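Observations on the three-dimensional arrangement
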Amino acid sequence: QKEVEQDPGPLSVPEGAIVSLNCTYSNSAFQYFMWYRQYSRKGPELLMYTYSSGNKEDGRFTAQVDKSSKYISLFIRDSQPSDSATYLCAMSEDNYGQNFVFGPGTRLSVLP
Amino acid sequence: DVKVTQSSRYLVKRTGEKVFLECVQDMDHENMFWYRQDPGLGLRLIYFSYDVKMKEKGDIPEGYSVSREKKERFSLILESASTNQTSMYLCASKEPGKADTQYFGPGTRLTVL
């Protein structure tokens with residue numbers, strides 16, 4: 001079993017839809033949770049960062065962490081074609097980059 | 001607004017060649033990383049460096065070496081390229097102890113024939 005599981009997609013939604021992206025993990029010691037967005041032929045960019053459990057909102061994006069279920073989510077409201085990208089989750093027991101564990105990514109297409 | 005740059009976007013090499021991938025960051029970060037990204041596998045850490053001339057192996061260091069002679073520059077070396085090293089290579093830098101400060105370069109897509 002991989003440490004971090006993520007549905008690779010592709011996920012296609014119409015413009016304006018609410019998108020839910022998810023990752024599950026097995027290591028209960030993870031405390032730092034990140035979502036990265038990666039456009040085609042570009043490097044990943046940090047989108048959301050959460051420490052421990054709870055929700056975090058930034059504009060149209062909401063990150064949720066449920067440590068009891070070992071499950072994290074990224075919600076995108078009012079999705080736009082410019083949201084079309086691959087979304088990677090990453091997590092770690094500490095905030096040292098060498099221990100980050102990345103999911104394989106979910107490819108999202110938002111259709112106009 | 002350039003933060004992390006990589007020397008090549010696309011590279012084609014032959015089996016057995018020595019390959020150099022270079023990465024430069026302009027944020028004065030102490031930590032730098034080399035990952036490879038393959039479909040279905042996510043990002044896997046090859047090597048990281050926490051200071052000039054300091055390096056540590058990541059999860060998949062076999063067949064690779066690194067060099068960090070200056071703080072802003074971190075090089076990945078494939079001593080003798082093989083076809084199974086065909087991949088996307090991503091460099092990143094980060095402030096130590098701050099999970100939300102990791103920046104990636106645009107990546108180098110390496111093909112080994």
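Before any of the text, the structure's been laid out above.
Attention here is on the structure that accompanies the text. All figures in this text were calculated on a predicted structure; none of them were measured in a lab. (Residues numbered from 1 in each chain as written. Chains lettered and ligands numbered in written order. Predicted model: local features only at pLDDT ≥ 70, side-chain atom pairs only at ≥ 80, totals over all residues. Heavy atoms only, no water.)

**Thoughts on the overall build of chain B**
Along the backbone of chain B there are zero helices and 11 strands. Relative to a compact globule of 113 residues, whose C-alpha radius of gyration would be 13 Å, chain B shows 13 Å and is just as compact. For the C-alpha atoms alone, the extent of chain B along its principal axes is close to 40 × 25 × 25 Å. Considering chain B as a whole, with its 113 residues, one finds that 48% of them fall into the buried category. (Helix = DSSP H or I, 4+ residues; strand = E, 2+ residues; numbered from the N terminus. Rg over C-alpha atoms; globule rule 2.2 N^0.38 Å. Buried < 20%, exposed > 50% of the residue type's maximum accessible area, 1.4 Å probe, protein only.)

**A word on a positive patch on the surface**
Where like charges cluster on the molecular surface, the positive patch consists of Arg41 and Lys42 of chain A together with Arg9 and Arg109 of chain B. Relative to the elements of secondary structure, Lys42 of chain A occurs in the loop between strand E4 (32–38) and strand E5 (45–51). (Patch = residues over 30% accessible without salt bridge, like charges linked within 9 Å, V, L, I, M, F, W, Y side chains within 5 Å. Areas by Shrake-Rupley, 256 points an atom, 1.4 Å probe, with all protein chains shown as cover. Salt bridge = Lys/Arg side-chain N within 4 Å of Asp/Glu carboxyl O. Lys, Arg positive; Asp, Glu negative; His and termini not counted. Charge placed at Lys NZ, Arg CZ, Asp CG, Glu CD.)

**Concerning the side chain of Gln6 of chain A**
Residues and elements named next belong to chain A. As for its placement among the helices and strands, Gln6 is situated in strand E1 (residues 4–6). Residue Gln6 is classed as buried on the basis of its relative accessible area, which comes to 7%. A polar contact of 2.6 Å, which involves the side chain of Gln6, links it to the backbone oxygen of Tyr87. Side-chain polar atoms of Gln6 contact the backbone nitrogen of Gly105, separated by 2.9 Å. Leave out the neighbours within four places in its chain, and Gln6 touches Asn22, Cys23, Trp35, Tyr87, Leu88, Cys89, Gly103, Pro104, Gly105 and Thr106. (Polar contact = N/O pair within 3.5 Å; in protein donor to acceptor, adjacent residues only side chain to side chain. Contact = heavy atoms within 4.5 Å.)

**Quick look at the interface of chain A and chain B**
Across the boundary between the two partners, chain A contributes 20 residues, which contact 21 residues of chain B. Between chain A and chain B the total buried area reaches about 1,700 Å² when both faces are included, carbon and sulfur atoms providing 58% of it. Looking at the side of chain A facing chain B, the largest losses of area belong to Arg41, Gln98 and Phe102 of chain A, adding up to 31% of the total buried there. For the pair chain A and chain B, the interface holds zero salt bridges. (Buried area = accessible area lost by both parts, 1.4 Å probe.)

**Quick look at the side chain of Thr101 of chain B**
Residue and element names in this part refer to chain B. Residue position: Thr101 is located in the loop between strand E9 (87–94) and strand E10 (103–104). Relative accessible area serves as the criterion here: at 12%, Thr101 is assigned to the buried category. Within the structure, the side chain of Thr101 is placed 3.1 Å from the backbone nitrogen of Glu95, a separation counted as a polar contact. A polar atom in the side chain of Thr101 sits 2.9 Å from the backbone oxygen of Lys98. In this structure Thr101 touches His29, Ser93, Lys94 and Glu95, once residues within four positions along its chain are discounted.

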